[in-house]
Amino acid sequence: MNCRACVIGAGPNGLSAAIVLAQVGVKVEVFEAEPEPGGAARTLELTLPGFLHDFGSAVHPLAAGSPFFSSLPLAKYGLEWIHSPCPLAHPFDDGTAVTLERNLRDAETELGRDGKAWRWLMQSFAEKWPTLSSEVLQPVHVLTPHLFLMVRFGLVAFPPANLLAGALFRDERTKALFAGLAAHSFLSLDEPMSAAFGVLLGAAAHAVGWPIPRGGAKSITAALCGRLAALGGDIRTSARIENLAAMSGYDVTLCDVTPAQLVEMGGAQLSDAFASRLRKYRYGPAVFKIDYALSGPIPWKATACLRAATVHVGGSSGEISASESDMRAGHHSEHPFVLVAQPSLFDPSRAPGGKHTAWAYCHVPNGSTVDMQQTIEKQIERFAPGFRDCILARRVFAPAALEKMDANLVGGDISGGAMDLRQFFFRPTWRHYATSAKDIFLCSSSTPPGGGVHGMCGYHAAKLALSRLA
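Every chain's residues receive numbers from 1 upward, in the order its sequence appears when written. At least 70 in pLDDT is required for a residue's local features to be given in this predicted model, at least 80 for side-chain atom pairs to be given and counted, and no such filter applies to totals for whole chains, interfaces and linings, which use all residues. Excluding hydrogens and water, the side-chain values take into account all heavy atoms of the structure.

Novice: Help me understand the overall build of the protein, please; the structure alone is not making it clear to me.
Specialist: Looking only at helices and strands, the protein has 18 helices and 16 strands in total. Only C-alpha atoms enter the radius of gyration; for comparison, a globular chain is expected to reach 2.2 Å times N to the power 0.38, where N is the number of residues. Here the C-alpha atoms of the protein give a radius of gyration of 21 Å, agreeing with the 23 Å that 2.2 N^0.38 yields for 470 residues. If one aligns the C-alpha atoms of the protein with their principal axes, the spans along those axes are about 65 × 50 × 45 Å. Buried, partly exposed and exposed residues are distinguished by accessible area as a fraction of the type maximum, computed with a 1.4 Å probe on protein chains only: under 20%, between the cut-offs, and over 50%, respectively. The burial tally for the protein puts 61% of its 470 residues in the buried class. For the protein, the accessible surface area stands at approximately 17500 Å², while carbon and sulfur atoms represent 55% of it. Under this rule, positive means Lys or Arg and negative means Asp or Glu; His and the chain ends count for nothing. Charged groups are reduced to one reference atom each: NZ for lysine, CZ for arginine, CG for aspartic acid, CD for glutamic acid. Positive and negative charge centroids in the protein, built from 41 and 41 side chains respectively, lie 5 Å apart. Going along the chain from the N terminus, every DSSP run of H or I of four or more residues is numbered as a helix, and every run of E of two or more is numbered as a strand. The accessible surface values rely on the Shrake-Rupley method and a 1.4 Å probe; as for residues, cover is taken only from the protein chains in view.

This is the structure:
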């Protein structure tokens, strides 16, 4: 196609949009405000020299299972996945832990009398992951050739997580494991659709694993940049765009930004009615994140935690549920659900010899100014006595600090906006990727399917833009 396109923002979605356009011959230029591409998918020396920390996600089930990423030869550009022996561990106060095993048969054994119920819940979705991921990682639609699969998914995904777990599982350990998965939703576990995240992430663990990229999240970005360059695309860093009217000479513009930013950048190019709808878009809860340089591995009481790149620290299902309910009500839990990533156990390139990196975060209200450092570390110490003694250095990111590092993380929201019922169906409006301007499109995680490193927001936005160009 003899067209020129501009993509604003070089996060995974912006790069994905650029690749889709470049694949059909569109001349693409990507403008990134920061000194390096990647958005939240960057790996930086945030604490001490030689300690490489992922600024955003460290573990990537949706990247490994992304329909679009899977269609690209990213291994050719250096992307290598590392799988920890088990995807996830969840410790308890008695010094034991339950693990989520990748193999469904092993998971059934691990979960004892709940094993068969777990297999019943996850097996069909794991076995049909390519179909399921293609269906759910796009806008909600009614017409589908996979009606039975999607009806079954809807029946277990729509209910609140607590309701589904209570109906299926008998053991507290299994309920806690599922609660931790569902808590990735940033919803109360008594809210509709919170179960969807538990089911989707559980199925992903069995289908594609929860791997880490060798070298960190920057390896995903580097592979996408490499693919784009091979297709003739160009990336300009330290190039902040503040006014779309200044971007002349392009047939189409795709914006990997959030609705608030688009309103500011779009100005008179957006209709008043559309800009008004974007201003009503609601951002979701935030995270309080800490990166650690460690003298050794985290000293978990349950040694099974050393088999997993991800550890869910939250105790019982009731504690996790209470923590997420507090957050949704605008409060700060005294015993928060904490997500811990420990990639250097399986990728020694992340730290100097014998040393380790880890990060931890908990959910807090959007824009929170409460210092959660001591609370987070107290929770980790509860299951790993002596953890504080291992800390060589730390870097604390309150919500405002996260937004300063990446303007898309508004108020510390890492999901691109609240994922409740209304914004599930209308994200950010009924137009989804389209705007009131025929040549401007939105391709960030504020569009379907939402947050996560999967590139599908950019993929679908670029497909729509191409249909308008044709």
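Novice: Mind showing me how you'd approach helix α14 (residues 317-328) here?
Specialist: Residues spaced three or four apart along an α-helix face the same direction, because each turn holds 3.6 residues. What a helix is expected to span follows from its residue count: subtract one and scale by 1.5 Å. The end-to-end C-alpha distance of α14, which contains twelve residues, comes to 17 Å, matching closely the 16 Å that a straight helix rising 1.5 Å per residue would cover. Every buried residue of α14 is listed here: Ser 317, Ile 320, Ser 321, Ser 323, Glu 324 and Met 327. Projection of α14 onto a plane perpendicular to its axis shows the buried side chains occupying an angular sector of 160°, all on one side. As for α14, its buried residues are in contact with β6 (86-91), α8 (161-168), α9 (172-182) and β14 (356-364). Directly beyond the C-terminal end of α14, a positive phi value near 90° is found at Gly 330. This arc describes the spread of directions from the helix axis toward the C-beta atoms. Here, two residues are considered to be in contact whenever any of their heavy atoms come within 4.5 Å of each other.

Novice: Would you explain the packing of α9 against helix α10 (residues 194-207) in this entry?
Specialist: Helices that pack against each other are described as a pair by the angle of their axes relative to one another and the distance between those axes. Here the axes come from fitting lines to C-alpha atoms, over the contacting stretch only for helices, and the angles between their N-to-C directions go from 0 to 180 degrees. The geometry of α9 relative to α10 is characterised by a closest axis approach of 7 Å and an angle of 100° between their N-to-C directions. When the axes of α9 and α10 are compared, the pair comes out roughly perpendicular. On the side of α9, the interface is formed by Phe 178, Leu 181 and Ala 182, while α10 contributes Ser 194, Ala 195, Phe 197, Gly 198, Val 199, Leu 201 and Gly 202. Residues are grouped as follows: Ala, Val, Leu, Ile, Met, Phe, Trp, Tyr, Cys and Pro are nonpolar; Asp, Glu, Lys and Arg are charged; all remaining types, including Gly, are polar. Here the residues of the contact of α9 with α10 are counted per class, giving seven nonpolar, three polar and no charged. If an angle is under 35 degrees, it is roughly parallel; if it is over 145, roughly antiparallel; if it lies from 65 to 115, roughly perpendicular; otherwise it is oblique.

Novice: Would you take a moment to explain α8 for this structure?
Specialist: When we look at burial in α8, the residues that qualify are Ala 161, Leu 164 and Ala 165. Along the axis of α8, the buried positions cluster into a sector of 95°, meaning they face one direction only. For α8, the exposed residues lying more than 90 degrees away from the buried face are Leu 163 and Ala 167. Check the buried side of α8 and you find it contacts α5 (115-127), α7 (147-157), α9 and α10.

Novice: Please clarify how the pattern of salt bridges should be interpreted in this entry.
Specialist: Two side chains bearing opposite charge may form a pair once their charged atoms approach each other closely. Salt bridges are defined by distance alone: a side-chain nitrogen of Lys or Arg within 4 Å of a carboxyl oxygen of Asp or Glu. Scanning the model with the defined rule gives 18 salt bridges in all. Arg 240 is paired through a salt bridge with Glu 34; the nearest N and O atoms lie 3.8 Å apart. Remark: Glu 34 occurs in the loop between β2 (27-31) and β3 (43-44) and Arg 240 occurs in the loop between β9 (234-236) and β10 (252-255); sequence separation between them is 206 residues. The exposure class assigned to Glu 34 is buried, which follows from its relative accessible area of 19%. One salt bridge in this structure joins Glu 319 and Arg 382, with 2.9 Å as the shortest N-O distance. Here Glu 319 is found in helix α14, whereas its partner Arg 382 is found in helix α15 (residues 373-383), with 63 residues between them in sequence. Using a relative accessible area of 26% as the deciding quantity, one classes Glu 319 as partly exposed. Among the charged side chains, a network of salt bridges with common partners joins Arg 4, Glu 29, Asp 234 and Arg 236.

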